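Reading the structure
Read off the chains here:
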Amino acid sequence: MAALNYFEYMRDNIVDILNDLVVSGNLPQSQNFKQISVEPTRDKAHGDLATNAAMVLAKPSGLKPHDLAGQIVAGLLQLDCVLSAEVAGPGFINIILVDSFWHARLSEILDAGISYGETKLDEPKSVNVEYVSANPTGPMHVGHGRGAVIGDVLANLFSKIGYNVTKEYYINDAGNQVDVLARSLHIRYLEALGIDVGEIPDGLYPGEYLIDAGKELAKKDGSMWQGEKEANWLKPLRLFAIDAMMKLIREDLLSLGVVHDTFSSERNLVESGGVDEIMTILEDRKLIYEGVLSPPKGKRLDDWEKRPQTLFRATLFGDDVDRPIKKSDGSWTYFATDMAYHLDKFRRGFRVMINIWGADHGGYVKRMQAAVKAITKKDGELDVQLCQMVNLMDNGEPVKMSKRAGTFITLREVIDKVGKDVVRFIMLTRKNDAQLDFDLTKVLEQSRDNPVFYVQYSHARCCSVLRQAMEMFKVEEISIAALKNSNYKNLTDPGELALIKMMAAWPQTLKGAAQAHEPHRIAYYLHDLSASFHALWAKGSKENTSLRFLVEDNPPLTLARLAMVKSLAMVIASGLEVIGIEPVQEMR
RNA sequence: GGUCCCGUAGCUCAGUAGGAUAGAGCGAUUGAUUCCUAAUCAAUAGGUCAGGGGUUCGAAUCCCUUCGGGAUCACCA
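Described below are features of the structure shown in this document. By convention here, each chain's residues receive numbers from 1 onward along its written sequence. Going through the entries in the order they are written, you letter the chains from A and number the ligands from 1. Predicted model: local features are reported for residues with pLDDT of at least 70 only, side-chain atom pairs are reported and counted for 80 or more only, and whole-chain, interface and lining totals are derived from all residues. Hydrogens are left out, water is left out, and the side-chain values use all remaining heavy atoms of the structure.

What to know about helix H3 (residues 65-77)
- For H3, which comprises 13 residues, the first-to-last C-alpha distance of 18 Å matches the rise-based estimate of 18 Å (1.5 Å per residue) to within 8%.
- Contact criterion: two residues are considered in contact whenever any of their non-hydrogen atoms come within 4.5 Å of each other. The way it works is that DSSP assigns letters per residue, a run of H or I at least four long becomes a helix, a run of E at least two long becomes a strand, and they are numbered from the N terminus. Considering only its buried residues, H3 is in contact with helix H1 (6-23), helix H2 (53-61), strand E3 (82-88) and strand E4 (92-97). In this scheme, a helix's expected span is set at 1.5 Å multiplied by one less than its residue total.

Structure below.
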């Protein structure tokens, strides 16, 4: 049984009412209902839900908003689930649903458990989320970690709403950087053989992470590359280095709980002729030409030279200038291989592609979207989510990092210090295009301003109540099946209903976050849900023991509240599952 | 100079693709612990949504413009 999305449910009801009005001649035919929305009221005094239906349809139908609203209200009042409906303001219809409607959600949640809110699609769509794709030239840093979490959670969101999702990593193993990597490894290799290599030359990677790789290579191959020409060792060392770095990166990802379904290699794509193929296709469509770009407008003219280049007509697809696809040495630019890569994705059946990039690649978005339009003949769509920098802090002070001074803090070090769950949650506490301060001290504090703790604590409190309940009831009396049969009519406190309503909004929250590509909404939702629970908890004070969850002289009331508490634990667990975090049972 | 992102309470930020009287947390002030974990909660104070114009029933949200901050700008990925 699929859980009810009450926004969609009420919208469907309203559309039915409108269709009836059309049939009865009270509303002109062929109205466009697309603009109609059903939303939570901002001010709860206005009711549970509001719809703009009358305002949206008033003008095209030639009716006064209030007259049309009155007719819709009449229809709404016929529904069993509607307690009240009234016209307000410029033509809003405010709706209050009966308590029993909300109580019924608890049964749904208890039935569904952690899968509450999931949707199954009859014909599942496919979506490809490509994220991390860090160059295989070293361990991951904290910024990569943010992209990893955002991509991973976004992919989880799509799974939850019924899509077939592929989590993909694109290995940039074909450009200059991996040659540099190979040369850097060569130095470390010589070092491992006991040769004094001195300082690592400028332009090579000085990172210590290559020392181990150098030792391994020396162990495997002995001294066979010593004294050889670069042309002889470059390729095998490159392969060795990339393997070593990808192993490192996969370990980093695993420690963050991120596992990709597919790793695509840029080099494979080039060597298998994928780029040649896309170029032939584009040439046939006259989208490639030899030309000279005009210099960028502005002051940066110092080293500009007029140079004929092989260009892609990106301007035909919304980009600002045409883009080069070949370097002067004849090899493909990154853009060229990226076009081939996205064609490959499209051919694998992904009409919807989402890429997570660092904000420093923002200037690249337009051209890639232009390219996708061109190669898929506008059949595919690419959305790029940019994630901004993470500022690592320690107790309010920025952490100074320098690769040269060796004070660079890797993602792995942060995970080891604060734990993967904390990292995953904190990465979602800002929308992805805003900079994020990550304070290594504060995220471990057990206080209200640590959102991870705050949410986990609410789950732990649920568990605590359920543990305590064992003293009042036998185990079978508070099984899920038994709780489902409790008398929900006992749940009448505004705080209780507010909490249940928020739980009932989970399916819509999930869907909205997925469709808007905004995983951070889940973290905010969980925080709000927890706040609602903590507030209710505090109501059961010494003066008002009747609002405690466990009321010893009233077992039926207590069982209903246990059903609510159990449901809440399930919704929180469901939300944490999307984020990729284990809920905790207790915190002591 | 071009392009993109951003500008919301003293601070850090939300604002559910245009909805009603703009919301949280921190900080400040004042309260609540014989109680299921007070690691929490409640209340008060705090705003020209950077400024100006426009679009419409209605704008923090969309368009134009000015100011301010950031990213990026042909053969790096």
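A look at the environment of Asn355
- Here Asn355 lies in strand E11 (residues 352-358).
- For Asn355, a relative accessible area of 0% gives the class buried.
- Asn355 sits 225 residues away from Glu130 along the chain, and the two C-alpha atoms are 4.8 Å apart.
- Every residue in contact with Asn355, bar those within four places of it in the chain, is listed here: Glu130, His342, Lys345, Leu382, Asp383, Val384 and Gln385. Partly exposed describes any residue whose relative accessible area lies between the buried limit of under 20% and the exposed limit of over 50%, with all areas from a 1.4 Å probe on protein chains only and scaled to the type maximum.

Notes on the pattern of salt bridges
- The rule for a salt bridge is simple: a side-chain nitrogen of Lys or Arg has to be within 4 Å of a carboxyl oxygen of Asp or Glu. Per the counting criterion, the structure on display carries 29 salt bridges.
- Note that Lys220 is salt-bridged to Asp221, the shortest N-O span being 3.2 Å.
- Lys220 sits in the exposed class, given a relative accessible area of 55%.
- Note that Glu305 and Arg307 form a salt bridge whose closest N and O atoms lie 3.8 Å from each other.
- For Glu305, a relative accessible area of 47% translates into the label partly exposed.
- Arg307 sits in the partly exposed class, given a relative accessible area of 36%.
- Ionic contacts of the salt-bridge type, sharing partners, join the residues Glu118, Lys120, Lys160 and Glu577 into one network.

Here we look at the protein's contact with RNA strand B
- One heavy atom suffices: a residue is near a molecule or strand as soon as one of its heavy atoms comes within 4 Å of it. Looking at RNA strand B, there are 68 residues lining it, with Lys327, Gln446, Arg448, Tyr457 and Ser464 nearest.
- The sugar-phosphate portion of RNA strand B accounts for 63% of its atoms within 4 Å of the protein, the bases making up the rest.
- Pairs of N or O atoms are called polar contacts if they sit within 3.5 Å, as long as, within protein, a hydrogen donor faces a hydrogen acceptor (for residues adjacent in sequence, only side-chain-to-side-chain pairs). Arg521 is positioned with one of its side-chain polar atoms (N or O) 3.1 Å from a sugar or linking oxygen of RNA strand B.
- Counting only elements with at least two residues in the surface near RNA strand B, the list comes to H2, E4, helix H15 (451-469) and helix H19 (520-539).
- Of the residues belonging to the surface near RNA strand B, the class tally is 23 nonpolar, 22 polar and 23 charged. Polarity classes work like this: nonpolar for Ala, Val, Leu, Ile, Met, Phe, Trp, Tyr, Cys and Pro, charged for Asp, Glu, Lys and Arg, and polar for all others, with Gly in that last group.

Note that all results are geometric; they support no functional claim without further evidence.
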